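Commentary on secondary and tertiary structure
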Amino acid sequence: MTTITERITRKLEAAFTPQRLKVIDESHQHHGHGGWREGGETHFRVDIVSDAFLGKSRLERHRLVNGALAEELAERVHALAIAAKAPGEG
């Protein structure tokens, strides 16, 4: 069975060919809060660096990531924190 973390990682790698990618399941930090479900995989943090973000605003970058993960966001993922950067940015 493929986890949501694995699906997110696979989709972001395919969409953006990132130089760096971290997908962190932070669901345990939200136990009992809105959107949390037994078994976790509801709250994630994504740290991604890709040439695809060159010349794009923060909003455009977030829209690209959200678009790539539309299926996961519609199904199980309640919250997604995104740090999307181009190479050489902080």
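See the structure printed just above.
Residues numbered from 1 in each chain as written. Predicted model: local features only at pLDDT ≥ 70, side-chain atom pairs only at ≥ 80, totals over all residues. Heavy atoms only, no water.

1. What to know about the side chain of His43
Our working definition: What counts as a helix is a DSSP run of H or I of at least four residues, what counts as a strand is a run of E of at least two, and both are numbered from the N terminus. In protein, a polar contact means a hydrogen-donor-capable atom and an acceptor-capable atom, both N or O and within 3.5 Å, with residues adjacent in sequence counting only if both atoms are side-chain atoms; elsewhere, any N or O pair within 3.5 Å suffices.
Within the fold, His43 resides in strand β2 (residues 43-49). Of note is the side chain of His43, whose polar atom sits 2.7 Å from the side chain of Thr42.

2. Points about the pattern of salt bridges
For side chains bearing opposite charge, pairing can occur when the charged atoms are close. The line we're drawing: Think of a salt bridge as a Lys or Arg side-chain nitrogen and an Asp or Glu carboxyl oxygen that are within 4 Å of each other. Note on exposure labels: buried denotes an accessible area under 20% of the residue type's maximum, exposed denotes more than 50%, and partly exposed covers the range between, all computed with a 1.4 Å probe on protein chains only.
Evaluated as defined, the whole model comprises eight salt bridges. Glu71 is the partner of Arg7 in a salt bridge, and the nearest nitrogen-oxygen pair spans 3.6 Å. Within this pair, whereas Arg7 is found in helix α1 (residues 4-16), its partner Glu71 is found in helix α3 (residues 70-75), the two being separated by 64 residues in sequence. In this structure Arg7 comes out as buried when scored by relative accessible area, which is 16%. Among the residues examined, Glu71 registers a relative accessible area of 42% and is labelled partly exposed. Across the pair Lys11 and Glu72 runs a salt bridge whose closest N-O atoms are separated by 2.9 Å. With Lys11 in helix α1 and Glu72 in helix α3, this pair connects stretches of sequence that are 61 residues apart. Accessibility expressed as a relative area gives 26% for Lys11, which makes it partly exposed. Residue class for Glu72 comes out buried when judged on its relative accessible area of 1%. Because the salt bridges share partners, they merge into one network encompassing Arg7, Lys11, Glu71, Glu72 and Glu75.

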